[in-house]
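In case you want the letters, here they are:
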Amino acid sequence: MTVLSLPISPADHGRPLGVIATEHLGEVGRLAAARGGLWIGRRRVDAATPATGGETLLVRLPPAGSYCDAPLTLEHIIYEDDDLVVINKPPACYVSDTPWDTHGSVLAVMRRLLTLRDGQPPVLHLAHQLDVGTSGILVMSKQSRANAPLQRAFAQGLVYKRYLAVCAGHPPATTEVITGHGRAAGGRWRLYDQTAIGQPLPDGQRIKLAHTCLTVRQQYADAALVWAVPRTGRTHQIRLHLAALGCPILGDERYGGPTVVAGHRLPHPLLHAAELILPHPTVGRPLHLFCPPPPLLLTIVARLQRV
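Residues numbered from 1 in each chain as written. Predicted model: local features only at pLDDT ≥ 70, side-chain atom pairs only at ≥ 80, totals over all residues. Heavy atoms only, no water.

Engineer: Tell me what's going on with the pairing of strand β9 (residues 160-168), and back it up with residues and numbers.
Structural biologist: Within β9, seven of the nine residues are buried, which leaves it mostly tucked inside the rest of the structure. Note that β9 and strand β16 (residues 271-279) share six bridges and pair antiparallel. The residue bridging Tyr163 from the neighbouring strand is Ala273, located in β16. Here β9 runs beside strand β13 (residues 223-230); their pairing, made up of six bridges, is antiparallel. Residue pairing for β13: Val166 is matched across the bridge by Leu225. (Buried < 20%, exposed > 50% of the residue type's maximum accessible area, 1.4 Å probe, protein only. Helix = DSSP H or I, 4+ residues; strand = E, 2+ residues; numbered from the N terminus. Pairing = 2+ DSSP bridges.)

Engineer: Describe the pairing of strand β11 (residues 189-192), with residues and values.
Structural biologist: Bridge count for strand β10 (residues 174-183) against β11 is four bridges, and the pairing is antiparallel. In the strand pairing of β11, Gly180 is matched with Tyr192. Hairpin remark: β10 followed by β11, antiparallel, with five residues in the connecting loop; positive phi at Gly187, about 100 degrees.

Engineer: Give a description of the environment of Ser144 that names residues and reports values.
Structural biologist: Examined against the element boundaries, Ser144 turns out to sit in the loop between β8 (135-141) and α4 (147-155). Expressed as a C-alpha distance, the spacing of Ser144 and Ile78, which sit 66 residues apart in the sequence, is 21 Å.

Engineer: Would you mind going over helix α1 (residues 17-25) in detail, with residue names and values included?
Structural biologist: Restricting attention to buried positions, one finds in α1 the residues Leu17, Gly18, Ile20 and Ala21. Across the axial projection of α1, the buried residues extend over an arc of 160 degrees, all falling on one side. Packing partners of the buried residues in α1 comprise β1 (2-7), α2 (27-34), β2 (38-40) and β4 (56-61). Phi turns positive one or two residues past the end of α1, at Gly26, with a value near 70 degrees. (Arc of directions from axis to C-beta. Contact = heavy atoms within 4.5 Å.)

Engineer: Break down helix α3 (residues 106-118) for me, citing the residues and quoting the values.
Structural biologist: Since the α-helix advances by 3.6 residues per turn, residues separated by three or four positions end up pointing in the same direction. Helix length check: α3, at 13 residues, gives a terminal C-alpha distance of 18 Å against a target of 18 Å (1.5 Å per residue), a fit within 8%. Three or more residues of α3 are buried, namely Val106, Leu107, Ala108, Val109, Met110, Leu113 and Leu114. Contact partners of the buried residues in α3: β5 (77-80), β6 (84-89), β7 (125-126) and β8. Within two residues after α3, Gly119 carries a phi angle of roughly 85 degrees, on the positive side. (Expected span 1.5 Å × (residues − 1).)

Engineer: Can you break down the side chain of Arg35 residue by residue, with the values?
Structural biologist: Along the chain, Arg35 turns up in the loop between α2 and β2. Residue Arg35 is classed as buried on the basis of its relative accessible area, which comes to 14%. Side-chain polar atoms of Arg35 contact the side chain of Asp69, separated by 2.6 Å. Here the side chain of Arg35 touches Asp101 through a polar contact of 3.0 Å, side chain to side chain. The contact partners of Arg35, leaving out residues within four places of it in the chain, are Tyr67, Cys68, Asp69, Trp100, Asp101, Thr102, His103 and Gly104. (Polar contact = N/O pair within 3.5 Å; in protein donor to acceptor, adjacent residues only side chain to side chain.)

Engineer: I'd like a description of the nonpolar core, backed by residues and values.
Structural biologist: Residues Leu72, Ile87, Met110, Met140, Val166, Leu250 and Leu270 are the most contacted members of the largest nonpolar core, which totals 49 residues. In this view, Leu250 contacts Val166, Cys167, Ala168, Ala223, Pro258, Val261, Leu266, His268, Pro269, Leu270 and Ile300; residues no more than four positions away in its chain are not counted. (Core = buried A, V, L, I, M, F, W, Y, C linked by side-chain atoms within 4.5 Å.)

Engineer: Tell me what's going on with the state of the cysteines, and back it up with residues and numbers.
Structural biologist: Per the counting criterion, the structure on display carries zero disulfides. Cys68 provides the cysteine sulfur closest to Cys93, a residue in no disulfide bond, and the two sulfurs are 8.0 Å apart. In this structure Cys93 comes out as buried when scored by relative accessible area, which is 5%. (Disulfide = S-S within 2.5 Å.)

Engineer: So, the environment of Thr2: which residues are in play, and what are the values?
Structural biologist: Assignment of secondary structure puts Thr2 in strand β1. Relative accessible area serves as the criterion here: at 37%, Thr2 is assigned to the partly exposed category. With residues near it in sequence (within four places) discarded, Thr2 still touches Val59, Arg60 and Leu61.

Quick look at the structure:
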């Protein structure tokens, strides 16, 4: 992410911040203002907000240099009722708003799609998160009455999740990885020894338990298709645990995964949320969901050499 600083002069006092950003940065500033990339300190501000002389306007721009809306259609919905909408999230898109954009996330695009379909804007809330590169099952609530039961189910481990991952190397046929998890001093997520669980971290949090069950579905010459069942819900948990085994996920450049496989450049990790079982938040019955993998994952698997 790029952050540009624009000091607000006394002459600009009272003028709309979006106008100031556009005058200083041209089309870049106009887009940032239109898509929610303007900040004063730690507060996101609207383009129409009057400027205050002496403050500094921060203009946050996308890391790739261009804006991109999540490539969603109504066909991505795999389940819907009065309380829930569940989608097959495409890879390489953000689930929720980013510091530089409030228009292109999965949540924002789905709101627009449902508004066009139903004639009124829905009140959508995310029940959980998926990484930007991860595809698959994503659950959102449509009614406030569903929020607390959903959050409770995820927090109490009542939701079963199973992911497909394509990783490098030869992981054990079946294994459990149990570690500590938290941020390092530099802010990145990392694993810790089990004995460190509960110890304080530099960010004020504590090291938490991270537990993943892994089963090889198909072994290839130099890669494997793996089922991953996270028993806890830590950020980047499956990615970190496979990397710790020396088998990083293909396309996961951050944690050492190869980014060119079978002649394909991989723009994101090959990790897919394929199955989810949760108690329905208002009815109570189990809701069992399945979701097919994206084309790139299937293409890579088809080109891997079998042992």
